[in-house]
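Residues per chain are reported as follows:
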Amino acid sequence: MQNYQNHAYNKKLKNFARRLRFTMTKAEACLWKYVLKSGKMKGYSFSRQRPVLNYIADFFSKELKLVIEVDGYTHGFEKVMKKDEKKDKELNEAGYEVIRIYDHDVLNNITGVYEYIKMKVEEIEEERG
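Note that this is a predicted model, so its numbers are computed, not measured.

Draft legend 1. Inspection of the packing of aromatic side chains at higher detail. Per the counting criterion, the structure on display carries two aromatic pairs. Ring geometry for F60 versus Y96: centroids 5.6 Å apart, planes at 55 degrees, classification tilted. Here F60, found in strand 2 (residues 55-61), pairs with Y96, found in the loop between helix 3 (77-93) and strand 4 (97-102); they are 36 residues apart in sequence, far enough to count as distant. Judged by its relative accessible area of 0%, F60 is buried. The exposure class assigned to Y96 is buried, which follows from its relative accessible area of 3%. Lying across the ring of Y96, K65 places its NZ or CZ 4.9 Å from the centre.

Draft legend 2. Structural context of the packing of helix 2 (residues 26-36) against helix 5 (residues 110-128). Here helix 2 crosses helix 5 at 65 degrees, and the two axes come no closer than 11 Å. Note on packing geometry: the crossing formed by helix 2 with helix 5 is right-handed. Here C30, L31, Y34 and V35 of helix 2 come into contact with helix 5, specifically with I110, V113, Y114 and I117. Within the contact of helix 2 with helix 5, the residues separate by chemical class into eight nonpolar, no polar and no charged.

Draft legend 3. Structural context of the layout of surface pockets. The space that makes up the largest pocket amounts to roughly 940 Å³. Around the largest pocket, the lining is made up of 31 residues, and of these E69, V70, D71, V80 and D84 lie nearest the centre. Sorting the residues of the lining of the largest pocket by element identifies helix 1 (14-21), strand 2, strand 3 (66-71), helix 3 and strand 4 as the ones contributing at least two each. Per element, the largest residue contribution to the lining of the largest pocket is nine residues, and it comes from helix 3. For the lining of the largest pocket, the class distribution of residues is twelve nonpolar, seven polar and twelve charged.

Draft legend 4. Main features of the pairing of strand 2. Among the seven residues of strand 2, seven are classified as buried, and the element is accordingly described as predominantly covered. Note: strand 1 (residues 47-52) against strand 2, five bridges, orientation antiparallel. Bridging from a neighbouring strand, V52 pairs with Y55 of strand 2. Relative to strand 3, strand 2 runs antiparallel, the two sharing three bridges.

Draft legend 5. Summary view of the pattern of salt bridges. One pass over the structure, following the stated rule, counts nine salt bridges. Across the pair E125 and K42 runs a salt bridge, and its minimum N-O distance is 2.9 Å. Pair noted here: E125 is in helix 5 and K42 is in the loop between helix 2 and strand 1, with a separation of 83 residues, a long-range link. On the accessibility criterion, E125 (27% relative accessible area) is partly exposed. Through salt bridges with shared partners, one network takes in D71, D84, D88 and R100.

Criteria and thresholds
- Residues numbered from 1 in each chain as written.
- Predicted model: local features only at pLDDT ≥ 70, side-chain atom pairs only at ≥ 80, totals over all residues.
- Heavy atoms only, no water.
- Phe/Tyr/Trp six-rings, centres within 6.5 Å; stacked < 30°, edge-to-face > 60°.
- Helix = DSSP H or I, 4+ residues; strand = E, 2+ residues; numbered from the N terminus.
- Buried < 20%, exposed > 50% of the residue type's maximum accessible area, 1.4 Å probe, protein only.
- Lys NZ or Arg CZ within 6 Å of the ring centre and 35° of its normal.
- Axes fitted to C-alpha atoms, helices over the stretch in contact; angles between N-to-C directions.
- Left-handed = near helix turned anticlockwise from the far one by under 90°.
- Contact = heavy atoms within 4.5 Å.
- Nonpolar A, V, L, I, M, F, W, Y, C, P; charged D, E, K, R; others polar.
- 1 Å grid on protein atoms, 1.4 Å probe; cavity = no way out; pocket = protein on both sides within 12 Å on 5 of 7 lines; lining within 4 Å.
- Points joined across faces, edges and corners; volume = space filled by probe spheres on them.
- Pairing = 2+ DSSP bridges.
- Salt bridge = Lys/Arg side-chain N within 4 Å of Asp/Glu carboxyl O.

Listed below in structure tokens is the structure:
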């Protein structure tokens, strides 16, 4: 695993990420507001639409080295899936854990999504001792 300064922040994507923060999907906005904003997830700080490596993570915790992606059922599902696999592989190789959550689940079961993320956070905490 490489040692990345500033958690692999890619300043070339800064302006694009900023634009994405203002155009979040409904599911991303709900996850942010009800689960991740202001330390709601066990006190951990998350950023939204953060450049990491050559990607923009929907949500990112530096402290946990955790990326959370909110996926919708979109056009060209197979092509999108291959891109997501590549993204996940590169992020994992850089030392980041990636969680993928469907937007449908966020919009219809926010409590379950909260519990799922909380469980993953607790697993990360346990791994670190």
